[in-house]
Amino acid sequence: MALTGREGEKHGVPGRHKYLRIAEDLREQITDNRIEPGEQVPKQRVLAKQYEVSLVTVQHALKILRAWGLIDEGGKGRGPRVVAGHTTPQTLDDWVAEAFTAADVSLDVWSLTTENLSQIVAQQVVRIRAGKAPVPESIRARVLLPSLVVDHGLPELISDPTDQRPLRRLRGIIRTYARQLEHSLLSVAEYRRGASVRVEIRSLPTLPQQKYYILNNSVALTSLYEVRRNEVREHGDSPPMAIRDLMSSSEPFTWKPTAGGTGQDSAYFHKVREQFESYWSNAEASMDWGE
């Protein structure tokens, strides 16, 4: 089973698409129980001959399977085995880590802030720096956030809806974590010569009713926002403020439709993607960072 990749193997570096395709093929065999829990995966030399690649490429594919939590580290005198009870990604951290195993990564985001995502991407950069995750060839991120110059109806101080402190606080959070996300993504190019990284941040004069994460144009993670009472501080030494806030639970996601799904699953994925594109095309061309 020869694999034809866009990039060949040079100087001991595995062909980019080859090792990912091997990992994906083995994952399919594992999830279909063709390789059952507790069973040892084929030996590296067997896989190298089967896929007509080098041992380096096979080793990198197995590293990806371990990162996905599908196989163990192996033991003395034996190769890695399939982990019993392996699961598909559940948290945003899991989904982002899996998305970053692709050669070409895309992130389309519409959310109130990027606080959670920026921290997760920063941790992904740490994994890349430590050699525990592959470096993508390209990253394209399109991020939609609420405008920093519009007086949104939320958040608001319960005791005085005209008080601007909750809104100033929200603007500060949006600004801080959007810049952190942009910095983390752009820094990925430092770890691979020729890597292409493009980050665009646009704004809408409205608040999102639900957050979208469309990863690699293949899965859409959605989560609904709710209006809840919250207690926050504008600054570390400020007195607490009781506010009405727009909040969501990051996990579990309301729905995780995929492009390759069937029926309602696929239809909903394409609807989410179409809606994001309509928002993106009508958003301000660049984020106005405000005061």
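Above this text you will find the structure in question.
Let us look at the structure shown here. The structure displayed is predicted, hence computed values, not measured ones. (Residues numbered from 1 in each chain as written. Predicted model: local features only at pLDDT ≥ 70, side-chain atom pairs only at ≥ 80, totals over all residues. Heavy atoms only, no water.)

### Focus on the overall build of the protein
From N to C terminus, the protein includes seven helices and eight strands. For the protein, the proportion of its 291 residues judged to be buried stands at 45%. Surface accessibility of the protein: about 14,900 Å² in total, with carbon and sulfur atoms responsible for 47%. (Helix = DSSP H or I, 4+ residues; strand = E, 2+ residues; numbered from the N terminus. Buried < 20%, exposed > 50% of the residue type's maximum accessible area, 1.4 Å probe, protein only. Areas by Shrake-Rupley, 256 points an atom, 1.4 Å probe, with all protein chains shown as cover.)

### Focus on the pattern of salt bridges
Under the definition given, this model contains 14 salt bridges. The salt bridge partner of Arg 192 is Glu 137, with a shortest N-O separation of 4.0 Å. With Arg 192 in the loop between α6 (165-187) and β4 (196-204) and Glu 137 in the loop between α5 (115-129) and β2 (138-146), this residue pair connects regions lying 55 residues apart in the sequence. The class of Arg 192 is partly exposed, set by a relative accessible area of 21%. With a relative accessible area of 11%, Glu 137 lands in the buried category. Residue Glu 234 is joined to Arg 168 by a salt bridge in which the shortest nitrogen-to-oxygen separation is 3.0 Å. With a gap of 66 residues between them, Glu 234 in the loop between β7 (226-232) and β8 (241-247) and Arg 168 in helix α6 connect regions that are remote in the sequence. What you see here is one network of salt bridges that share partners, running through Asp 108, Arg 142 and Glu 277. (Salt bridge = Lys/Arg side-chain N within 4 Å of Asp/Glu carboxyl O.)

### Topic: the packing of aromatic side chains
With the rule as written, the count across this model stands at two aromatic pairs. Measuring from centroid to centroid gives 5.9 Å for Trp 110 and Tyr 279, while their planes differ by 65°, and the two rings are edge-to-face. In this pair, Trp 110 sits in strand β1 (residues 104-110) while Tyr 279 sits in helix α7 (residues 264-281), placing the two residues 169 residues apart along the sequence. For Tyr 279, a relative accessible area of 26% corresponds to the partly exposed category. On the basis of an interplanar angle of 15° and a centroid distance of 6.0 Å, the ring pair of Phe 276 and Trp 280 is categorised as stacked. Of this pair, Phe 276 and Trp 280 both sit in helix α7, separated by four residues, roughly a single helical turn. (Phe/Tyr/Trp six-rings, centres within 6.5 Å; stacked < 30°, edge-to-face > 60°.)

### Quick word on the packing of helix α4 (residues 92-99) against α5
Running from N to C, α4 and α5 cross one another at 45°; their axes reach a closest spacing of 10 Å. With respect to each other, α4 and α5 are oriented oblique. The two elements α4 and α5 cross, and the hand of that crossing is right-handed. Between α4 and α5, the contacting residues are Leu 92, Asp 93, Val 96 and Ala 97 on the first element and Asn 116, Leu 117, Ile 120, Gln 124 and Arg 127 on the second. (Axes fitted to C-alpha atoms, helices over the stretch in contact; angles between N-to-C directions. Parallel < 35°, antiparallel > 145°, perpendicular 65-115°, else oblique. Left-handed = near helix turned anticlockwise from the far one by under 90°. Contact = heavy atoms within 4.5 Å.)

### Observations regarding the sheet that holds β8
The antiparallel open sheet is built from three strands, whose spatial order is β3-β8-β7. The open sheet terminates on both sides in strands that have one partner only, identified here as β3 (156-157) and β7. Note that β7 and β8 share seven bridges and pair antiparallel. Looking at the pairing, Arg 229 lines up with Arg 244 of β8. (Pairing = 2+ DSSP bridges.)

### Looking at α4
Within α4 the residues assigned to the buried category are Leu 92, Trp 95, Val 96, Glu 98 and Ala 99. Buried residues along α4 cover an arc of 160° about the axis, so they all sit on one side. (Arc of directions from axis to C-beta.)

### Brief notes about α7
Along its 18 residues, α7 runs 26 Å from first to last C-alpha, staying within 8% of the 26 Å computed at 1.5 Å per residue. If you check which residues of α7 are buried, you get Asp 265, Ser 266, Phe 269, Val 272, Phe 276 and Trp 280. Each buried residue of α7 lies within a common arc of 125° when the element is viewed along its axis, so the set occupies one face. Every exposed residue of α7 that faces more than 90 degrees away from the buried side is listed here: Gln 264, Lys 271, Glu 274 and Ser 281. Where the residues of α7 are buried, they touch β1, β2, β4, β5 (210-215) and β6 (219-224). (Expected span 1.5 Å × (residues − 1).)

### Side note on the sheet that holds β5
Judged by pairing direction, the sheet is mixed, and its five strands sit side by side in the order β4-β2-β1-β5-β6 without closing on themselves. The open sheet is flanked by β4 and β6, the only strands paired with a single partner. Neighbour to neighbour, the strand axes of the sheet diverge by 10° on average, direction disregarded. Across the face of the sheet, α7 comes into contact with β1, β2, β4, β5 and β6 while running at roughly 105° to β5.

### Some remarks on the pairing of β5
Taking burial as the measure, the six residues of β5 include six buried ones, the bulk of the element. The side-chain alternation of β5 yields two buried faces, one formed by Gln 210, Tyr 212 and Ile 214 and the other by Lys 211, Tyr 213 and Leu 215. The pairing of β1 with β5 spans four bridges and is classified as antiparallel. Looking at β5, one finds that Val 109 is bridged to Tyr 213. As judged from the six bridges shared by β5 and β6, these two strands associate in the antiparallel manner. Note on β6: the bridge partner recorded for Ile 214 is Ala 220. Between β5 and the antiparallel strand that follows it, β6, lie three residues; Asn 216 among them carries a positive phi value of about 55°.

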